[in-house]
Structures are given as C-alpha cells and as structure tokens.
Amino acid sequence: MSLVAPVQRRPWIAVAAGLTLLIAVVTTLVLVDLPGRHILSGRDDAPAVQEAVPQAPWTIKAYPAGVTAKVTKAQEKVLAKRRPEVIALVKRVYDSLFLHPGRLDGTLEENFTQAAATALKRSGAGVAEAGAAATTLRTARIGLQASGGARLAIASVTVRAARPDADAAPLRHKATLWMQRANGGWKVVAFDVDQGPIPELGGQNAGEGKGDGKRKGKRK
C-alpha cells in the first residue's frame, strides 16, 4: 500500500499574489487621480471649485457716546478693550446674514437674546442662501457708552448688495442694533431693521420697498 504525500505549501505564491493585487490597486488610484481626463472614472474634468462672491470691505467707526466732556484716561482704557468686542459682534452677525446664512441660528443663539433672535429670524433680514449676494457697501457706526464700564452700545449698520444669480433689484439694508454687555459677553437685546430692493430712481416703482421686512426686537 502506497501513500501519496501532501503537496508542500509554497509561501512565495501567496506573497506574489499579494504584490500583484497591491500593484493593481495603486495603478487604479494613480489613473483615477491623474489631472485632466479621468481614465477609469469616465469623467472628463474634476468638479470646478466655486469661486467666492466678492464682498465690499467694512468701514466701521466706533466712538464714545453719552459724554459731554472729554473722555477720561480711565474711560478710554475701558473703551479700548470694548471696541474690538462690539466690532467683532457686528461682523459675525452680518457674515451670517449675508455670506453664510447656514450659520445664522448659531450666531443668533450666541450673540442675541432669545427674544431678539426670534424676532430677527422672523424679519427675513439677510439672504436665504450662500452666494446669493455680493455686498457693494458695508458700513457701521458704533456708539459705546463711555461711563459705567462701557456696558451699552448702539450700532447703525448699512449694507448694499447685488444679487448676481437672481433676476432682482439690488438690496439695501439698514439696521440699528442695541447691545448690552453682561456676564463677560455682549448680546444684541433689541434691533430695528429695514431691508428691501433698491428702487430705480425716476422709475414707476420709485419709493417701493421702503419698510419691507421691517421688524423690531424687544428688550427682555
């Protein structure tokens, strides 16, 4: 009786198979990621990166308010700390209103009282989608209370924006924000906003749009 011995395993066969598979995978990735025509994906070009919509630079002036005499050195020292805070708040709010509306809820929660945030969302201020407006003017005048630790501020904001992707007139937006500092941070406690299309001068609809979207937030 004879027995046939089992075939001896050859580890090098498995190694060669693994290397072949690795080479095939690397080759596939290289071909897919090559610039220009994608050989394996069948697409001619990669998706184009959307260009940012041009925006106007900010012109912001922050000044001491509520004083008739010269601001003291102590007051100016406090004001120097508070100016960047209120300027940053205004920019955050308007970046969300006109550039990144998807961030608006979070911005309002962080920078508005609950009542004022609810009122602003109902007002329809700003734009509904990112890229829907190209601002041509962004200005703000901010009065900071010089006394009492500079805990109150009022900002008058004007924005004008073209709407390149819509068959509509440019927007003009004017608002007043009342701000208060408490617990180490600033909050918008009330506002008044007037936003609408810019009327064509001398046209049949001149004067239309005034008061469109006007809402007032209320102090808590």
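Because the structure is a prediction, the values reported are computed rather than measured.

(A) Focus on the packing of aromatic side chains. The full count for this structure, using the stated rule, is 2 aromatic pairs. Between W58 and Y94 the ring centres are 6.1 Å apart and the planes differ by 80°, which places this aromatic pair in the edge-to-face class. With W58 in strand β1 (residues 58-65) and Y94 in helix α2 (residues 73-98), the pair connects residues that are 36 residues apart, well separated along the chain. The exposure classification of W58 matches that of Y94, with both residues buried. With 6.2 Å between their ring centres and 10° between their planes, Y94 and F98 make a pair best called stacked. Separated by 4 residues within a single helix, Y94 and F98 lie in helix α2, roughly one turn from each other. An identical accessibility class is assigned to Y94 and F98; each is buried. The rings of W58, Y94 and F98 are connected pair by pair, giving a single aromatic cluster.

(B) Just the environment of M179, in detail. Take M179: it is sitting in strand β4 (residues 171-182). M179 gets classed as buried once you look at its relative accessible area, which sits at 2%. For the pair formed by M179 and R151, sequence separation is 28 residues and the distance between their alpha carbons is 8.2 Å. In this structure M179 touches L89, V90, I142, R151, L152, A153, I154, A155, W186, K187 and V188, once residues within four positions along its chain are discounted.

(C) Focus on helix α3 (residues 104-111). Along α3, the positions that sit buried rather than exposed are L104, T107, L108 and N111. The buried residues of α3 occupy one face: seen down the axis, they fall within an arc of 95°. Away from the buried face of α3 by more than 90 degrees, exposed residues D105, E109 and E110 are located. Contacts from the buried residues of α3 go to α2, α4 (114-123) and β5 (185-197).

(D) Highlighting the nonpolar core. Core analysis: the largest hydrophobic core is formed by 38 residues, its most contacted members being V90, Y94, L97, F112, I142, V157 and M179. Of all the secondary-structure elements, those providing two or more residues to this core are β1, α2, α3, α4, β2 (134-145), β3 (152-162), β4 and β5. A per-element tally of this core places α2 first, with 8 residues. Leaving out residues up to four positions away in the same chain, F112 has contacts with V93, T107, A117, L120, K187, V188 and F191.

Thresholds applied
- Residues numbered from 1 in each chain as written.
- Predicted model: local features only at pLDDT ≥ 70, side-chain atom pairs only at ≥ 80, totals over all residues.
- Heavy atoms only, no water.
- Phe/Tyr/Trp six-rings, centres within 6.5 Å; stacked < 30°, edge-to-face > 60°.
- Helix = DSSP H or I, 4+ residues; strand = E, 2+ residues; numbered from the N terminus.
- Buried < 20%, exposed > 50% of the residue type's maximum accessible area, 1.4 Å probe, protein only.
- Contact = heavy atoms within 4.5 Å.
- Arc of directions from axis to C-beta.
- Core = buried A, V, L, I, M, F, W, Y, C linked by side-chain atoms within 4.5 Å.

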